[in-house]
Amino acid sequence: MNRVLEELESLQTSPDPDTVHDLRVAIRRCRALAAVMEDVDPDSAWPEMRKVARKLFRGLGAVRDAQVMEEWIKKLASENDPLRAQLLASLETDERQRSDDTLRVAAKFDEKEWTQLERRLRQRARLVPVGGLAAECLALERFEEAKELHNRALRTEKPKPWHALRIGLKRFRYTLEGLLPEHSAAWSENLKRLQDLLGDVHDLDVLSEALRENETAEASESAKAWQEKISSERRDRIETYRQLTLGKTSLWHDWRHSLPNGKRLDAAATARLRATARAADSRMRKTGQVSRIALRVFEVLRRVDAAPVFHEPTMRRLMQAASKLHGVDSAGGRNLSQKAVRKFLLSLTIPPNWTSEEWDLMAWAVRFHRGPEPKQKNGFARLSEEQRTTVRALAGVLRLARTLRKSGLEGPVGLRCEKSAEAIVLSVPGLLDTAEIAARLAAAKHLLESVLEKPLLLKSVPKPEKAPPPIAQPTEALQLADAACA
């Protein structure tokens, strides 16, 4: 963001082609990273930053397009070509107006607001440590988006899909620069090469469209020859792109191989969810306590085969995510209701190793982890019976964990579970036997009991004894012992 201010000052002093290009690149980097951070952080400063820079970025676009078009016109035709002279004259006529428009837009840029946002976002950016697992997950998401655009572009020769691929590749590149600098350094040469190829394709498409708009009867033959040259140049670049990105030596294959896979992908997705929890949870300490208790309750119920649902393949991952995100309570500076929290979670990009169904079930579990129990109406009623059971189990565990924490349980140590034909007994260290706590726990375990289909009894057991701290020997005694050994 500071680089934008530096380039803006250079532009106001000397609006030459390189300065315009450098300022657009600086703005694009900021906006690309803001878009990435919005996937994990709902703070309103990220979209505000993109909005502040939008007018300046678009204002520079016309100047940049004209500059690039001028370069291609000179490259594709000889000096005695009549159409070349006509096109250059047209560009020259509008040059003064474009330059004035650019300086006017630059003068209106709110540098004070930009600086204030920079200070605010400097702190928010720390939610995703550079080079960390969450950064790897976000980079993988941008990779997958760009790869999908790559697949679409290869199926056609039309300009729009290739332009979309160009934008997607830029977003991936800038994400790497900001979040995974080591990957960026290793891949920058090939990324820039592909970006240059796609940039040429886009520039040629813009020039081709400009020729069609300015074509006259007198210049129709000349324009036809130009279009053939443009098509030839465009085909050459697309063919080079294909050679670099298809087959066993595909750059896309190499990049994907170096991004998270398997267990590391699971860990990266978990780190990404943790970043969202830190961003949108105002009581992280409490959430952490409830999360640890909930995960322990889930595990002990699973070990004793409390219900078939606890052995579903994805249940542990759903439980981990719901326990981390159940404390989300704010977004964009406003407090969220439980319904709004679910909508917020569904608005986030789904982690790479999740399905939309899994993400939806997790969001339902967070929705019902407190407050009224789910009823057979609205969206919940549209779930299958198996899905509703999953939501009840996850939300039921969270409800019980929250109430155990309120009732004095500080952590998961010592929680045990036993199963008999009549009931399931959960041993809780240090659980106080009062009417108030008993009533509170009876309400909290009701949803979970609907899944277990038998009573869940809570049994108080003594707290595990803490190991005594090691006795520190006086320094003098240690010195005497060493001397005796000597």
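In this text the structure is predicted, and so the values were computed from the model without any measurement.

Draft legend 1. Quick look at the packing of aromatic side chains. Inspection of the entire model under this criterion finds 13 aromatic pairs. Seen from their ring centres, Trp364 and Phe368 are 5.7 Å apart, and the 5° between their planes marks the pair as stacked. Considered together, Trp364 and Phe368 belong to a single accessibility category, that of buried residues. An aromatic cluster is defined as three or more aromatic residues linked by ring pairs; in this entry it consists of Phe143, Phe172, Trp187, Trp252 and Trp255. In this structure, Arg24 packs its charged tip against the face of Phe57, placed 4.5 Å from the ring centre. A cation over a ring is seen here: Arg342 above Trp364, with NZ or CZ 3.7 Å from the ring centre.

Draft legend 2. Here's a closer look at a positive patch on the surface. On the surface, a cluster of positive charge is contributed by Lys339, Lys343, Lys375 and Lys377. When you line up the elements, Lys375 lands in the loop between helix 15 (356-367) and helix 16 (378-381). The exposure class of Lys375 is exposed, given its relative accessible area of 54%.

Draft legend 3. View of the pattern of salt bridges. Taken as a whole and assessed by the stated rule, the structure comprises 28 salt bridges. Put simply, Glu118 and Arg122 hold a salt bridge, and the shortest N to O gap is 2.4 Å. Highlighted residues: Glu118 and Arg122, both in helix 5 (residues 111-124), separated by four residues, approximately one helical turn. Residue classification places Glu118 among the buried residues on the basis of a relative accessible area of 11%. With a shortest N-O distance of 3.6 Å, Arg173 and Glu177 are connected by a salt bridge. With Arg173 and Glu177 both in helix 7 (residues 159-179) and four residues apart, this pair spans about one turn of that helix. With relative accessibility at 14%, the residue Arg173 sits in the buried group. Looking at Glu177, the relative accessible area reads 26%, which means it is partly exposed.

Draft legend 4. Looking closely at the nonpolar core. Residues Trp114, Val128, Trp162, Tyr241 and Trp255 are the most contacted members of the largest nonpolar core, which totals 62 residues. When residues of this core are assigned to their parent elements, the largest contribution, ten residues, is made by helix 6 (residues 133-154). Counting residues in each nonpolar core, the second largest holds 54 residues, with Met315, Val341, Ala363 and Ala401 among its members.

Draft legend 5. Quick look at empty space enclosed by the protein. Overall, the coordinates contain one cavity of 30 Å³ or more when judged by the stated rule. One number sums up the size of the largest cavity: a volume of about 40 Å³. Forming the walls of the largest cavity are Asp65, Val68, Met69, His202, Asp203, Val206 and Leu207. Elements that contribute at least two residues to the lining of the largest cavity include exactly helix 3 (45-76) and helix 8 (181-214). Residues belonging to the lining of the largest cavity are distributed by class as follows: four nonpolar, one polar and two charged.

Draft legend 6. A look at the sheet that holds strand 4 (residues 424-429). Ordered by their spatial adjacency, three strands build an open sheet running 3-4-5, and the pairing between neighbours is mixed. Pairing within the sheet leaves two strands with one partner each, and these edge strands are strand 3 (416-419) and strand 5 (456-461). Taken over all neighbouring pairs, the strand axes of this sheet differ in orientation by 25° on average, direction set aside. As paired strands, strand 3 and strand 4 are joined by four bridges and run antiparallel to one another. Its bridge partner being in strand 4, Glu418 is matched across the sheet by Val425.

Draft legend 7. Fine view of the environment of Arg119. Secondary-structure assignment places Arg119 in helix 5. In this structure the C-alpha to C-alpha distance between Arg119 and Ser337, which are 218 residues apart in sequence, comes to 29 Å.

Draft legend 8. Up close: unusual backbone geometry. Even without being a glycine, Asp305 presents a positive backbone phi close to 55°. With respect to the element layout, Asp305 can be found in the loop between helix 12 (284-303) and helix 13 (315-325). Note on Asp305: relative accessible area 44%, which makes it partly exposed. In this model, Glu453 sits at a positive phi of 60°, which is unusual for a non-glycine residue.

Reading the values: the criteria
Residues numbered from 1 in each chain as written. Predicted model: local features only at pLDDT ≥ 70, side-chain atom pairs only at ≥ 80, totals over all residues. Heavy atoms only, no water. Phe/Tyr/Trp six-rings, centres within 6.5 Å; stacked < 30°, edge-to-face > 60°. Buried < 20%, exposed > 50% of the residue type's maximum accessible area, 1.4 Å probe, protein only. Lys NZ or Arg CZ within 6 Å of the ring centre and 35° of its normal. Patch = residues over 30% accessible without salt bridge, like charges linked within 9 Å, V, L, I, M, F, W, Y side chains within 5 Å. Areas by Shrake-Rupley, 256 points an atom, 1.4 Å probe, with all protein chains shown as cover. Salt bridge = Lys/Arg side-chain N within 4 Å of Asp/Glu carboxyl O. Lys, Arg positive; Asp, Glu negative; His and termini not counted. Charge placed at Lys NZ, Arg CZ, Asp CG, Glu CD. Helix = DSSP H or I, 4+ residues; strand = E, 2+ residues; numbered from the N terminus. Core = buried A, V, L, I, M, F, W, Y, C linked by side-chain atoms within 4.5 Å. 1 Å grid on protein atoms, 1.4 Å probe; cavity = no way out; pocket = protein on both sides within 12 Å on 5 of 7 lines; lining within 4 Å. Points joined across faces, edges and corners; volume = space filled by probe spheres on them. Nonpolar A, V, L, I, M, F, W, Y, C, P; charged D, E, K, R; others polar. Pairing = 2+ DSSP bridges. Axes fitted to C-alpha atoms, helices over the stretch in contact; angles between N-to-C directions.

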